[in-house]
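# Structure assessment
So the chains spell out like this:
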Amino acid sequence: MSLTYEEIKSQYSALQQTYDYMLTNRTVITDFFHSQGKRSVTFIGCGSSFTLSEAAAFSVRLRAGIPASALAGGDLLLNAADYAPLLQDTLLVAPSRSGSTSEIVESVRLLKTSGEAPILAISCVDGSTLSEIADLTLSLPWAFDHSVCQTRTVTNLYTANLMIAAFLGNDESVLADIAAAITQGEAYMTRVESAIREASDYGWTNAVLLADGELNGLAAEGAIALTEIAKMQAHAFHVLDVRHGPMVTVGPETLVIAHLTSAGSEHQRKLMQDIRARGAKVIAFGDAAANLSADDADLAIMTESELKLPVQGIPFLFIPQIVALSSAERQGINPDEPDGLTAWVKL
């Protein structure tokens, strides 16, 4: 059994610790945001952390009504001066596994030297470099992935970011649904894992992940997991946007992983039919309200209960993670140590 698999399967036990920790620190977090008096929030990250930042910025805009954006750490490091208008009167949030990635640490140091932007760090390493220079640090050491590729860490950082958005927007329904998703998590993984492995057990060579709104960033993260762990070409798009060009790449060697909703179901159903007509296989995911069937996909996965849209991202992440791991196993690739990658980048 690989370390990556162990970390994927332990993500819900870690999520319970994250959920409890974030609730305990709810007042600390909201007091910090309010005391800074900033007009906007800017999330920064690299790789997986950047895709999570994109999802988090969407959640803060939508759930809390606060202007929010996301910047890639390397982009910020190289072009901070050009982004001065965006960074003016903003609060930085940096979700990070290691708290040591050079682009993030150096960017934050640069901004702190110029007197700009207080920072909230979310790190899975106690006493990290980023933690030492942040104004407030949330530490999630139980979520740290020792494997090179992030799985458990990603799910936990996504949830922590979403809880911050819910705190700022006083969205108790999202918090309640997160608790429900965690409670259902172990049974959900047991129920769907073998079906995911079976549905993706063929000679696909490229993957397309589709999701809208707050989950589009997670689709991009799923593409990263498939690229890193399975060495497969993978790309993410908004659901209906796949028709606007990317459809030409969809064919018999394509695996499509799609998050579908109960809204606009006819448009989504027609899209899935068109994708399958091109020879691709589809794994479709939605909550209980999506009412998916075999007519929509080669494999339709639904949650036990209805969940708020961003919370559906928690069980959704499990699908590309298991698909990536299963593909790596078929190819004889060690998922714990992909060639050419390190756990975090030091420039």
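Structure report, in brief. Just so it is clear, the model here is predicted, and its values are computed rather than measured. (Residues numbered from 1 in each chain as written. Predicted model: local features only at pLDDT ≥ 70, side-chain atom pairs only at ≥ 80, totals over all residues. Heavy atoms only, no water.)

### Topic: the sheet that holds strand S4 (residues 119-123)
The five strands are arranged S2-S1-S3-S4-S5 in an open sheet whose pairing can be described as parallel. The open sheet has two free edges, formed respectively by strand S2 (68-72) and strand S5 (136-139), since each of these has just one partner strand. Neighbour-to-neighbour, the strand axes of the sheet open up by a mean angle of 20 degrees, direction not taken into account. Summarising the sheet, strand S1 (residues 40-45) and S2 pair through five bridges and their orientation is parallel. Bridge pairing in S2 links Phe43 to Ala70. Its contacts with the sheet place helix H4 (residues 48-64) against S1, S2 and strand S3 (90-96), and it is angled at close to 170 degrees to S2. (Pairing = 2+ DSSP bridges. Helix = DSSP H or I, 4+ residues; strand = E, 2+ residues; numbered from the N terminus. Axes fitted to C-alpha atoms, helices over the stretch in contact; angles between N-to-C directions. Contact = heavy atoms within 4.5 Å.)

### Observations concerning the packing of aromatic side chains
Counted under the stated rule, the structure contains five aromatic pairs. Pairing Phe32 with Phe33 gives two aromatic rings, centres 6.2 Å apart and planes at 85 degrees, and the pair type is edge-to-face. With a centroid separation of 6.5 Å and 75 degrees between ring planes, the pair formed by Tyr188 and Phe285 is classed as edge-to-face. With Tyr188 in helix H10 (residues 172-199) and Phe285 in strand S9 (residues 281-286), the pair connects residues that are 97 residues apart, well separated along the chain. The pair Tyr188 / Phe285 is uniform in exposure class, with both members buried. (Phe/Tyr/Trp six-rings, centres within 6.5 Å; stacked < 30°, edge-to-face > 60°. Buried < 20%, exposed > 50% of the residue type's maximum accessible area, 1.4 Å probe, protein only.)

### Structural notes on helix H11 (residues 216-230)
Compared with an ideal rise of 1.5 Å per residue, which puts 15 residues at 21 Å, H11 spans 21 Å between its outermost C-alpha atoms and is within 8% of the ideal. The element H11 is extensively covered by neighbouring structure, given that eleven of its 15 residues are classed as buried. The set of residues buried in H11 consists of Asn216, Gly217, Leu218, Ala219, Glu221, Gly222, Ala223, Ala225, Leu226, Ile229 and Ala230. Positive backbone phi, approximately 55 degrees, marks Lys231, located one or two places after H11. (Expected span 1.5 Å × (residues − 1).)

### Remarks on the pairing of S3
Of all seven residues that make up S3, seven are buried, and the element is covered over most of its length. Burial along S3 is two-sided: the residues Thr90, Leu92, Ala94 and Ser96 and Leu91, Val93 and Pro95 are all buried. In the sheet, S1 pairs with S3 via four bridges, with the strands oriented parallel. Within S3, the residue paired with Thr42 across the bridge is Leu92. Both S3 and S4 contribute to a ladder of five bridges, which runs parallel.

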